[in-house]
Amino acid sequence: MPEDRQVSVIAGGVGAAKFLRGLLKFYPNELVTAVVNVADDFHLHGLSISPDLDTVAYTISNQVNPETGWGRTGESWRVMTELEKLGGHTWFSLGDLDLALHLYRTQRLAEGATLSDVTREICAAWGITANLLPATDAKIRTQLKVLDKDWVDFQDYFVAQQHSVPITDVRFAGIESASPGPGVIPSLEEADIIIIAPSNPIVSVNPVLEISGIREVLQRRKETVVAISPIVGGEALKGPASRMLEELGYEKSAVGVADLYKNIASILVIDETDAALSSRIESQGIQPLVTDTIMSDPERAAHLAKVTLESLFLSKEGPL
Ligand code: FO1
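This structure is a prediction, so every number in the text was calculated from the model and none was measured.

### Considering the site of the ligand
Turning to step 1, where the next piece is worked out: As a matter of local geometry, the ligand sits amid 13 residues, with D40, D52, F92, S93 and Q155 nearest to it.
Turning to step 2, where the next piece is worked out: One of the side-chain nitrogen or oxygen atoms of D40 is found 2.9 Å away from an oxygen atom of the ligand.
Turning to step 3, where the next piece is worked out: For the ligand, a nitrogen atom lies 3.4 Å from a polar atom in the side chain of W70.
Turning to step 4, where the next piece is worked out: Computed on the free molecule, the ligand has an accessible area of 540 Å², of which 90% lies beneath the protein chains in the complex.
Turning to step 5, where the next piece is worked out: Only α2 (51-60) and α6 (154-160) provide two or more residues apiece to the shell around the ligand.
Turning to step 6, where the next piece is worked out: No other element matches the 4 residues that α6 contributes to the shell around the ligand.
Turning to step 7, where the next piece is worked out: Within the shell around the ligand, the residues separate by chemical class into 8 nonpolar, 2 polar and 3 charged.
Turning to step 8, where the next piece is worked out: Structurally, the shell around the ligand is a two-domain feature, drawing no fewer than three residues from each of domain 1 (7-143 + 174-317) and domain 2 (144-173).

### Considerations on helix α4 (residues 96-110)
Turning to step 1, where the next piece is worked out: For α4, spanning 15 residues, the distance from its first C-alpha to its last is 21 Å, which sits close to the expected 21 Å at 1.5 Å a residue.
Turning to step 2, where the next piece is worked out: Turning to α4, its buried residues are D96, D98, L99, L101, H102, R105 and T106.
Turning to step 3, where the next piece is worked out: Looking at the buried residues of α4, the elements they touch are β4 (47-49), α2, α3 (78-86) and α5 (115-126).
Turning to step 4, where the next piece is worked out: Positioned one or two residues after α4, G112 has a phi angle of 105 degrees, which is positive.

### Quick word on the sheet that holds strand β6 (residues 141-146)
Turning to step 1, where the next piece is worked out: Within the open sheet, the 3 strands sit side by side as β7-β6-β8. Their pairing is antiparallel. At either margin of the open sheet sits one strand with a lone partner, and together these are β7 (151-153) and β8 (167-173). Neighbour-to-neighbour, the strand axes of this sheet turn through a mean angle of 30 degrees, independent of strand direction.
Turning to step 2, where the next piece is worked out: Alignment of β6 against β7, held across 3 bridges, turns out to be antiparallel. Note that in β7 the partner of K145 across the bridge is W151.

### Overview of the domain arrangement of the chain
Turning to step 1, where the next piece is worked out: The domain architecture assigned to the chain consists of domain 1 (7-143 + 174-317) and domain 2 (144-173).
Turning to step 2, where the next piece is worked out: Measuring from the centre of the C-alpha atoms in domain 1 to the corresponding centre in domain 2 gives 20 Å.
Turning to step 3, where the next piece is worked out: The partner domain 2 presents 23 residues to the 24 residues of domain 1 that form the contact.
Turning to step 4, where the next piece is worked out: Buried surface at the junction of domain 1 and domain 2, both sides included, amounts to about 1800 Å², of which 63% is carbon and sulfur.
Turning to step 5, where the next piece is worked out: When the area that domain 1 buries against domain 2 is broken down by residue, the three leading residues are W91, Q143 and E247, summing to 35%.
Turning to step 6, where the next piece is worked out: The interface formed by domain 1 and domain 2 contains 0 salt bridges.
Turning to step 7, where the next piece is worked out: Here domain 1 and domain 2 share 10 residue pairs in polar contact (both at pLDDT 80 or more) between them.
Turning to step 8, where the next piece is worked out: When residues of the side of domain 1 that touches domain 2 are traced back to their parent elements, those giving at least two are β6, α8 (201-209) and α10 (241-247).
Turning to step 9, where the next piece is worked out: Considering each element in turn, the side of domain 1 that touches domain 2 owes the most residues, 4 residues, to α8.
Turning to step 10, where the next piece is worked out: Its residues assigned to classes, the side of domain 1 that touches domain 2 shows 12 nonpolar, 5 polar and 7 charged.

### Notes on unusual backbone geometry
Turning to step 1, where the next piece is worked out: For H45, which is not glycine, the phi dihedral falls at a positive 55 degrees.
Turning to step 2, where the next piece is worked out: Of note, H45 is situated in the loop between β3 (42-44) and β4.
Turning to step 3, where the next piece is worked out: Here H45 falls in the partly exposed class, since its relative accessible area comes to 34%.
Turning to step 4, where the next piece is worked out: Unlike most non-glycine residues, N62 shows phi in positive territory, near 55 degrees.
Turning to step 5, where the next piece is worked out: Relative accessible area serves as the criterion here: at 59%, N62 is assigned to the exposed category.

How each quantity is defined
Residues numbered from 1 in each chain as written. Predicted model: local features only at pLDDT ≥ 70, side-chain atom pairs only at ≥ 80, totals over all residues. Heavy atoms only, no water. Near = heavy atom within 4 Å. Polar contact = N/O pair within 3.5 Å; in protein donor to acceptor, adjacent residues only side chain to side chain. Areas by Shrake-Rupley, 256 points an atom, 1.4 Å probe, with all protein chains shown as cover. Helix = DSSP H or I, 4+ residues; strand = E, 2+ residues; numbered from the N terminus. Nonpolar A, V, L, I, M, F, W, Y, C, P; charged D, E, K, R; others polar. Domains from an automatic or database assignment. Expected span 1.5 Å × (residues − 1). Buried < 20%, exposed > 50% of the residue type's maximum accessible area, 1.4 Å probe, protein only. Contact = heavy atoms within 4.5 Å. Pairing = 2+ DSSP bridges. Axes fitted to C-alpha atoms, helices over the stretch in contact; angles between N-to-C directions. Buried area = accessible area lost by both parts, 1.4 Å probe. Salt bridge = Lys/Arg side-chain N within 4 Å of Asp/Glu carboxyl O.

In structure tokens, the structure reads:
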């Protein structure tokens with residue numbers, strides 16, 4: 001394949017990380033930019049935690065825990081064990097190796113570095129040559145309105161409450177004043193293809209799109225945008241995406257995903273399981289493309305990435 005085209009990927013956590021690892025297996029890494037959600041970020045133990053950035057960085061540098069999809073492989077838990085004895089907060093599991101990353105990030109931010117600076121430094125230290133960009137350097141925070149209760153922070157809902165409580169609304173605190181991080185708009189403007197990774201559309205992709213100017217670029221460049229449905233057979237492969245769609249009034253299927261992306265993407269990649277939904281997706285004004293979207297290993301993820309790239313280039317210009 002002549003591989004000289006710039007690829008930008010809008011990314012959340014585990015699903016996006018697997019997709020990127022597949023893409024980077026065969027595509028020139030320096031031509032790939034991932035614009036990563038930071039609205040899951042939070043502070044605990046005085047540390048600055050950026051779960052989606054870390055999940056992507058650990059996965060594409062082959063350091064991720066394969067069981068969980070987040071955190072480090074070969075992890076140990078001595079600090080958490082001691083913290084538990086002291087009665088500290090242990091609901092969010094930070095392994096000993098993972099803690100080193102959080103110490104580094106927290107210290108660098110305290111010294112005045114931006115999240116983009118720190119991410120660049122981490123990538124350089126780990127030999128990552130793809131461009132990993134925080135969607136913004138500003139502090140934005142996903143909050144969920146829990147049925148009959150108040151707003152809760154994302155990790156409280158997702159980890160502490162195991163995303164088991166129904167929600168009625170979502171907001172991204174601080175997003176009105178957030179600007180895209182350095183390089184984000186140029187990467188989306190210059191990309192030959194923009195891919196919306198198979199991430200949760202409500203709490204992983206939306207907090208990227210809602211940052212000033214980002215949705216507008218995708219709307220204007222819609223013919224260049226291919227989205228991948230994270231919903232297969234009505235269920236998310238991981239996490240609460242399908243329930244969230246339903247609770248917020250969308251159909252909990254690839255059709256609901258098409259509804260959310262119809263103004264910003266020209267193609268929606270859906271799983272073979274959902275082939276029968278094709279005509280309903282097409283009637284939303286978005287072209288369905290049916291393939292295997294289950295990324296159970298890096299080879300299957302690479303196959304999905306190839307099909308995704310070819311969906312645009314084969315249909316518009318001939319093979320890559
Ligand atoms: N997810 C959990 O379900 N439980 C955890 O204890 C947990 C710890 C954790 C530590 C570091 C990290 O980078 C991610 C971690 N995650 C954990 C995953 C994270 O909460 C979610 O995957 C994302 O925020 C959703 O995209």
